[in-house]
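# Observations on the three-dimensional arrangement
If you want the building blocks of each chain, they are given just below.
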Amino acid sequence: MHPDTAIDTAIGTAIENAAREALSAVLDPEVPPEELDLDADMAGSYSLTSLNKVLFLTEVCDATDVDLANFTEHDLADMLTLRSVIESLTRHTDNKAV
């Protein structure tokens, strides 16, 4: 678990790890997963483009077995920080193993 953790449960930690890995992979230049700030604006702080946001969210949804269809366009637009992505995914896990 990272020192600045979004959700302190086994599933929350697994989702956080998956989200950190997926975000790190789409950033250019790449930022190590453990150095990502959960509360930083992903577009402003990490120059996350809309295309890379789609790639990131698709990958993290696949990795956590959360259907991207659970989220409306408005939900996706509100996912501005890594913490907000993790919290949104956690609400849709139904306590499945990740």
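Described below are features of the structure shown in this document. (Residues numbered from 1 in each chain as written. Predicted model: local features only at pLDDT ≥ 70, side-chain atom pairs only at ≥ 80, totals over all residues. Heavy atoms only, no water.)

## Focus on the nonpolar core
Grouped burial of nonpolar side chains is what soluble globular proteins tend to show. The criterion, for reference: To qualify as a nonpolar core, a set must consist of buried Ala, Val, Leu, Ile, Met, Phe, Trp, Tyr and Cys residues joined through side-chain atoms within 4.5 Å. Residue burial is assigned from relative accessible area. The probe radius is 1.4 Å, only protein chains are included, and a residue is buried under 20% of its type maximum, exposed over 50%, and partly exposed in between. Going along the chain from the N terminus, every DSSP run of H or I of four or more residues is numbered as a helix, and every run of E of two or more is numbered as a strand. We call two residues contacting when some pair of their heavy atoms lies within 4.5 Å.
Counting residues in hydrophobic clusters, the biggest one holds 26 residues, and the most contacted among them are Leu23, Phe56, Val60, Leu82, Val85 and Leu89. Put simply, the parts of the chain that give this core at least two residues each are α1 (10-26), α2 (42-46), α3 (50-64) and α5 (82-91). Dropping the residues within four chain positions of it, Val60 is found in contact with Ala18, Ala19, Ala22, Val85 and Leu89.

## Focus on α1
Applied cut-off: By this rule, a helix spans an expected 1.5 Å times one less than how many residues it contains.
Across its 17 residues, α1 extends 25 Å between first and last C-alpha, which sits within 8% of the 24 Å expected from 1.5 Å per residue. Of all 17 residues making up α1, 12 are buried, and the element is well covered by its neighbours. Listing the buried residues of α1 in full gives Ile11, Gly12, Thr13, Ile15, Glu16, Ala18, Ala19, Arg20, Ala22, Leu23, Ser24 and Val26. Where α1 is buried, its residues touch α2, α3 and α5.

## Notes on the environment of Leu76
Within the fold, Leu76 resides in helix α4 (residues 73-78). In the structure, Leu76 is positioned 23 residues away from Lys53 in sequence and 9.2 Å away in space, judged by C-alpha atoms. Setting aside anything within four residues of it in sequence, one finds Leu76 in contact with Lys53, Leu57, Leu68 and Phe71.

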